[in-house]
Amino acid sequence: MQAKVVIVGSLNMDLVTRAPRLPRAGETLAGQSFVTVPGGKGANQAVAAARLGASVAMIGCVGDDAYGEQLREALIREGIDCQAVTRVDGESTGVALIVVDDSSQNAIVIVAGGNGHVTPSVVDSFDGLLDQAQVIVCQLEVPMETVGHVLKRGRELGKTVILNPAPASGPLPAEWYAWIDYLIPNESEAAALTGLAVDSVATADPAASALLAAGVSKVIVTLGEQGALFATSARSEHFPAPKVKPVDTTAAGDTFVGGFAAALAEGKSESEAIRFGQIAAALSVTRSGAQPSIPAASEVHAYTP
Ligand code: RIB
């Protein structure tokens, strides 16, 4: 089966503790639980796209340790094509140290490990996968040089190109914008990309306009419980979020991106794809962990507000 959605990105083992609140600098806090959970923004988006109906291939790198094998196996169990998940000898697999507090907020530190080895030449050796794709999705947990390379190649091949600029710490290279069809930042990423404060639908609007002026075709600013703002040069529209009781917001953004990509690949309209991604993301925040929290398409279809 040809992969309709190809994800180029990170695989991390998430080392997750729950604590009453996030620790302050220099503080030692007693946590309530500890689990290891498959994660990484790239792998989470691949799992989301697969569970939500797409045929998916993943391009990424893991180390030669047990975590690498476990992450690969987790993707294979989802039916994801892992021929391009490459093992790097002598390297550790990417990890994310995550604390989730009682109000379901999280703080994350990532160590790239194998993700740092996703070079343009690794991607080039799987160019056939990109060529077969309908939708190509990238994030920013692999080297920037590689992300730019994939976006450019996606544009050359005439694919639908999605960038989730996460995590973002500053503006994107100017030439990238023309290669992206859908740029999907959250509030803090939109703020980092534009230098504007973004914390509401009203403040997301000028940030989206700045990103459109930079040359991207379409922007979706995700705003958590405040929904999402979709903007093109012709119009902008607010999509309210489904109301749920949050347990853990980890991978909610990834679930939205994967669900949106899967829905586009299936031929749904942009509005339908946004609503589909939003319901999937809302269901994911009602459960703990990254990949374990991502719902199946049947759950999204069965959702009633
Ligand atoms: O977006 C959530 C993900 O960010 C986690 O799974 C963690 O691995 C970090 O990459």
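Further up the page is the structure itself.
Residues numbered from 1 in each chain as written. Predicted model: local features only at pLDDT ≥ 70, side-chain atom pairs only at ≥ 80, totals over all residues. Heavy atoms only, no water.

1. Points about the site of the ligand
Move 1: Around the ligand sit Asn12, Asp14, Gly39, Gly40, Lys41, Asn44, Ala96, Ile110, Glu141, Ala251, Asp254 and Ala290, and those are all the residues in its vicinity.
Move 2: Note that an oxygen atom of the ligand is positioned 2.7 Å from one of the side-chain N or O atoms of Glu141.
Move 3: When the free accessible area of the ligand is taken as 280 Å², the share hidden by the protein chains comes to 96%.
Move 4: Contributions of two or more residues to the shell around the ligand are made by β2 (12-18) and α1 (41-51). (Near = heavy atom within 4 Å. Polar contact = N/O pair within 3.5 Å; in protein donor to acceptor, adjacent residues only side chain to side chain. Areas by Shrake-Rupley, 256 points an atom, 1.4 Å probe, with all protein chains shown as cover. Helix = DSSP H or I, 4+ residues; strand = E, 2+ residues; numbered from the N terminus.)

2. Thoughts on the packing of aromatic side chains
Move 1: Across all of its chains, the model carries 2 aromatic pairs by this definition.
Move 2: Between Tyr182 and Phe260 the ring centres are 5.1 Å apart and the planes differ by 80°, which places this aromatic pair in the edge-to-face class. In this pair, Tyr182 is assigned in strand β10 (residues 182-183) and Phe260 in helix α8 (residues 252-265), connecting sequence segments 78 residues apart. One exposure class covers both Tyr182 and Phe260, and it is buried.
Move 3: A ring pair is formed by Phe256 and Phe260, whose centres lie 6.0 Å apart and whose planes are at 10°; its orientation type is stacked. Of the two residues, Phe256 and Phe260 both sit in helix α8, 4 residues apart, roughly one turn of that helix.
Move 4: Taking relative accessible area as the criterion, Phe256 reaches 4% and is therefore assigned buried.
Move 5: Residue classification places Phe260 among the buried positions, given a relative accessible area of 0%.
Move 6: These aromatic residues form a ring-pair network of at least three members: Tyr182, Phe256 and Phe260.
Move 7: Taking the ring centre of Phe276 as reference, the NZ or CZ of Lys268 above it sits at 4.8 Å. (Phe/Tyr/Trp six-rings, centres within 6.5 Å; stacked < 30°, edge-to-face > 60°. Buried < 20%, exposed > 50% of the residue type's maximum accessible area, 1.4 Å probe, protein only. Lys NZ or Arg CZ within 6 Å of the ring centre and 35° of its normal.)

3. Description of the pairing of strand β8 (residues 135-138)
Move 1: On β8, burial covers both faces: Val135 and Val137 on one face and Ile136 and Cys138 on the other are all buried.
Move 2: Relative to β8, strand β1 (residues 5-8) runs parallel, the two sharing 4 bridges. Residue pairing for β8: Val8 is matched across the bridge by Cys138.
Move 3: Summarising the sheet, β8 and strand β9 (residues 160-163) pair through 4 bridges and their orientation is parallel. Residue pairing for β9: Cys138 is matched across the bridge by Leu163. (Pairing = 2+ DSSP bridges.)

4. Topic: the packing of α1 against α8
Move 1: Orientation of α1 relative to α8, taken along the N-to-C sense of each, is 45°, at an axis distance of 7 Å. It follows that α1 is oblique to α8 by the angle criterion. Two packed elements cross with a definite hand, and for α1 against α8 that hand is right-handed. Contact residues: Lys41, Asn44, Gln45, Ala48 and Ala49 in α1; Asp254, Thr255, Val257, Gly258, Gly259 and Ala262 in α8.
Move 2: When its residues are assigned to classes, the contact of α1 with α8 shows 4 nonpolar, 5 polar and 2 charged. (Axes fitted to C-alpha atoms, helices over the stretch in contact; angles between N-to-C directions. Parallel < 35°, antiparallel > 145°, perpendicular 65-115°, else oblique. Left-handed = near helix turned anticlockwise from the far one by under 90°. Contact = heavy atoms within 4.5 Å. Nonpolar A, V, L, I, M, F, W, Y, C, P; charged D, E, K, R; others polar.)

5. Quick word on the pattern of salt bridges
Move 1: Tallying each qualifying case throughout the model produces 12 salt bridges.
Move 2: Arg155 is the partner of Asp181 in a salt bridge, and the nearest nitrogen-oxygen pair spans 3.1 Å. Of this pair, Asp181 sits in the loop between β9 and β10 while Arg155 sits in helix α5 (residues 144-156), and the two are 26 residues apart along the sequence.
Move 3: Lys218 is the salt-bridge partner of Glu270, the closest N and O atoms lying 2.5 Å from each other. With a gap of 52 residues between them, Glu270 in helix α9 (residues 270-284) and Lys218 in strand β11 (residues 218-222) connect regions that are remote in the sequence.
Move 4: Where salt bridges share partners, they join Asp127, Lys152, Arg153 and Glu156 into one cluster. (Salt bridge = Lys/Arg side-chain N within 4 Å of Asp/Glu carboxyl O.)

6. A word on the sheet that holds strand β7 (residues 106-111)
Move 1: What the 4 strands build is an open sheet, ordered β3-β2-β6-β7; its pairing is mixed. Among the strands making up the open sheet, the edge pair consists of β3 (33-39) and β7. In this sheet, neighbouring strand axes are inclined to one another by 20° on average, regardless of whether the strands run parallel or antiparallel.
Move 2: Strand direction decides the pairing type here: β2 and strand β6 (residues 94-100), joined by 7 bridges, are parallel. Bridge pairing links Asn12 to Gly94 in β6.

7. Things to note about the sheet that holds strand β5 (residues 81-87)
Move 1: An order of β5-β4-β1-β8-β9-β10-β11-β12-β13 is seen for the 9 strands of this open sheet, with the pairing classed as mixed. Looking at which strands have only one partner, the edges of the open sheet turn out to be β5 and β13 (236-239).
Move 2: By the bridge criterion, 2 bridges tie β9 to β10 in an arrangement that is parallel. Bridging from a neighbouring strand, Leu163 pairs with Leu183 of β10.
Move 3: Lying over the sheet, α1 contacts β1, β4 (56-62) and β8, oriented at roughly 160° with respect to β4.

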